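Inside the fold
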Amino acid sequence: MRRRRRQWSVVTVLVLMLGMLGAACGSDKDSSGGEGGGSGGTAPSGGVTISTDDCTDYQPTKGVTDTKITFGSSFPQSGTYAAFAEISKGYQAYFKYINAQGGVKGHQIEVVTKDDQYDSGKTKANTQELVQQNGVFAMFNVVGTPNNLAIRDDLGDECIPNLYLATGSQLWGDFKNYPWLIGSIPSYATESAIFADYLKANKPDAKVAILAQNDDFGEGYTVGFKKAIEGTGITIVDEQKYNTTDPDVKSQITTMSQSGADTALLAATALKCPQSLNAVKESGWKPTTYISATCTSNTVVGLAKDANVGVLSSIYLKDPSDPEWANDAAMQEFQTLGKQYGLSDADAQNGLVGYGWTMGALLADTLDKAPELTRQSVMQTAWSLSNLTPGLLLPGISINTAGSDDPYVIEQMQIGQYNGNFWDLQGQVVSFEGKTRDYASTTG
Amino acid sequence: MDLFLDRVVIGLEQGAIYGSVALALVLIYRSTGFVNFAQGEMALFSTFLTWQFWEWGVPIAAAIAASMGVSFLAGAVIERVLIRPVGDVEHNALALVIVTVGMLLALNALVGWIWGTEGRRFPKIFGAGTVDIGSVSISYQALGTFAVLAVLLGLLYLLFQRTKLGLAVRAVASNAESSSLAGIRVGRILMFGWGLAAAVGALAGALYASELSLLDSNIFFQLLIYAFAAATLGGFDSPVGAVVGGLVVGLVTVLAGGYVGFLGEDLKLVAAFAVILVVLLVRPQGLFGRKQVSRV
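Reading the values: the criteria
Throughout, a residue's number is its position along its own chain's written sequence, starting from 1. To read the labels, note that chains go from A and ligands from 1, taken in the order they are written. Totals for whole chains, interfaces and linings use all residues, but because this is a predicted model, local features are given only for residues with pLDDT of at least 70 and pairs of side-chain atoms are given and counted only at 80 or more. Working definition: the nonpolar core is a set of buried Ala, Val, Leu, Ile, Met, Phe, Trp, Tyr and Cys residues, joined through C-beta atoms within 7 Å. In this scheme every C-beta is placed from the backbone, and a residue whose C-beta has 20 or more other C-beta atoms within 10 Å is buried, one with 12 or fewer is exposed, and one in between is partly exposed. The helix count covers DSSP runs of H or I at least four residues long, the strand count covers runs of E at least two residues long, and both are numbered beginning at the N terminus. Boundary definitions for the domains trace back to an automatic or database domain assignment. With C-beta atoms placed from the backbone, a contact is any residue pair whose C-beta atoms sit within 7 Å. The directions considered for the arc run from the helix axis to the C-beta atoms. Under the scheme applied, nonpolar residues are Ala, Val, Leu, Ile, Met, Phe, Trp, Tyr, Cys and Pro; charged residues are Asp, Glu, Lys and Arg; polar residues are all the others, including Gly. At least two DSSP bridges between two strands are needed for those strands to be called paired. The handedness of a crossover follows from its direction of travel: if, with the strands pointing away from the viewer, the path from the first strand over the helix to the second runs clockwise, the crossover is right-handed. Note on definitions: angles span 0 to 180 degrees between N-to-C directions of axes, and those axes are lines fitted to C-alpha atoms, for helices only across the stretch in contact.

Looking at the nonpolar core
The biggest cluster of nonpolar side chains holds 224 residues, and the ones touching the most others in it are L211(A), L265(A), V21(B), A22(B), L25(B), A227(B) and A230(B). The greatest single-element share of this core, amounting to 18 residues, is contributed by helix α8 (residues 186-212) of chain B. Mapped onto the domain boundaries, this core takes at least three residues apiece from domain 1 (51-186 + 326-410) and domain 2 (188-315) of chain A. Excluding its chain neighbours within four sequence positions, the residues that come into contact with V21(B) are Q39(B), G40(B), A43(B), G201(B), A204(B), L223(B), L224(B) and A227(B).

Here it is in structure tokens:
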């Protein structure tokens, strides 16, 4: 009699592995932003108004005492994506500095943070705990697209603000259905449009091959780019995808290199960025190459040593390692005050920390401008910002929002070219203010 | 035609790496009869060790050798301390699987704790150039990977077929109880099997990181599923099968990704699994595996 155990264990093993991979990598697919459904907010007339009529148990000033206002945040502090925890160093230093000056409107700003290891299930549990146990006023700068999707509905139902998310998905521009949440970094679609704009000026008949991560991160770039090149001489000659579980992207890059393309749009992130840059170099192909702004920190793009020089991306913050800003007032403030309030020398050179510092300044500005410290008032203020230039934003970039008319926070960027050490800025700041929606695919 | 040949080379190069990790899986399976889920993360740890030696200024070849030595000892210790107390596969298979899954998570966390989670650059073991053969250029890296794998297979063949130690390993794998009665120290043989697998894993990890020129703490999650596919295809108890299985999986995924339009790069693994399914239907023990027969 033949034993069957062995076959069975092999099948079990494969099934288990697939399951674990799925769990390990998560999936940030979400078919739609819910456009067209839902109750719909009241149309703003003049300033932006957000109705609190449908809120479950609306508590306008929860988390605000006479002397303090408490925020919550959840992001990976351990595990594979722990590097994102650097962001919080930046805003915590900024709040320490502001608090030492007396805080905002006499209130000290406190942010209670929890570790979610980039697992959206944990983000949800953390958020519940922060809301129920810690009684936070609002969530702030929660990292990750799937993570924010996981908490969007609960926070929305209770009308608890979720401010300045650390993700560039174009889903965060749906004011009508999700007024209690607002993004921060430029959407991936905006980035694509800015690259298309660069090509129009510098390489008007570019033949482009796209490498995209097989989820809505990659899709954001692809859809945005296609819309941006409509009616131009720029053509897409090849599109390749990769899964985050693929060990390598060499075969995709080989196909792209022989497609006749002279330009590469690499909508890849994390380690797949330097990986694909290495593969481009090894294939002998020499395209004009664009990488996602999520890869621009030296700790990521710097890994592709010798393969990263001349690569393009979009920049919206002053890079601490760029000597151009050595005498810049905002940069000096970040470096000296930041160190005074807890940053190390290495932190003060880190672009992610600089982003955190900028977000801290943006939140403080928002609270300062809010007519009163209620959830509704702060949220309405976040949706009606005008000409703010907090922290390390590049000269010429300002923050403007106007409810559903202009739902994206940062929509201006400048093309930068990596020189092996930092990003050399090219040309001028390009503004897509109020226009991101034209390139975004919120309906999938 | 050029594109086709390029794809074949890339498929074989990637396949060689899947095969080398599959080899480590097979070595443990042969001696103990169960699958070590932590194999990928053991290789991850070893590869970070190699990186650390290299970072300290040790030449890369010596760094790999040192890491293989340390990994051999660590593998043996893991068998003695974590695996043996749990029991053997006949009586406690599920607990063993759970222990290795636990090790997978623990080792990954340990790597993050020691070396942090940001990516690292890893050197090209065989240099960065290419050799042109006709219209195809093959990187030194790919040639080196093939050569190392061929030598490794040869050495394993000699070990298993031509030495007393190899004979003892085969005896223990075949029937531990009888081996023990015949005077073989089964415990030591099992430790040897684990140590050997860990050392092979260290080498496979270095080849993989060198191919990518990069290293971070989650690259082996991605690799292990391909290695499982390779070992399943080749037969879980055959070293040659593991390598051939790896090459086939590499080749099929790259070619299917390139030429089968409706699959494309994003679904290419499906093609590999379809091949495996067909093979298993015809030969349940895999291409090179031996049929398991047991008396009742």
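Back to the text.
Overview of helix α6 (residues 164-174) of chain B
Residues three or four positions apart in an α-helix share a direction because the helix packs 3.6 residues into each turn. Residue and element names in this part refer to chain B. Looking only at α6, the buried set comprises A168, V169 and V172. In an axial view of α6, the angular spread of the buried residues amounts to 100°, which keeps them on one side of the axis. Those residues of α6 that are buried are in contact with α1 (2-32), α5 (140-162), α7 (176-181) and α8.

As for the domain arrangement of chain A
All names here are of chain A. In terms of domains, chain A is made up of domain 1 (51-186 + 326-410) and domain 2 (188-315). Measuring from the centre of the C-alpha atoms in domain 1 to the corresponding centre in domain 2 gives 30 Å. Facing eight residues of domain 1, the contacting portion of domain 2 comprises twelve residues. Grouping the amino acids of the side of domain 1 that touches domain 2 by side-chain chemistry returns four nonpolar, four polar and no charged.

Things to note about the pairing of strand β8 (residues 288-291) of chain A
Strand residues, when the strand is regular, have side chains that alternate between the two faces of the sheet. Residues and elements named next belong to chain A. In this structure, strand β7 (residues 263-267) lies alongside β8, joined through four bridges in parallel fashion. In the strand pairing of β8, T263 is matched with T288. In the classification by handedness, the crossover that spans β7, the intervening helix α8 (residues 272-283) and the parallel β8 is right-handed.

Considerations on the sheet that holds strand β2 (residues 108-115) of chain A
Residues and elements named next belong to chain A. Across the sheet, four strands lie side by side as β2-β1-β3-β4; this open sheet has parallel pairing. Sheet topology places β2 and β4 (162-163) at the edges, where each strand pairs with a single neighbour. Of the strand pairs in this sheet, strand β1 (residues 68-75) and β2 are connected by eight bridges, and their pairing is parallel. Following the sheet pairing, K68 is matched in β2 by Q108. Across the sheet, helix α2 (residues 86-100) touches β1 and β2, and the angle it forms with β2 is around 160°.

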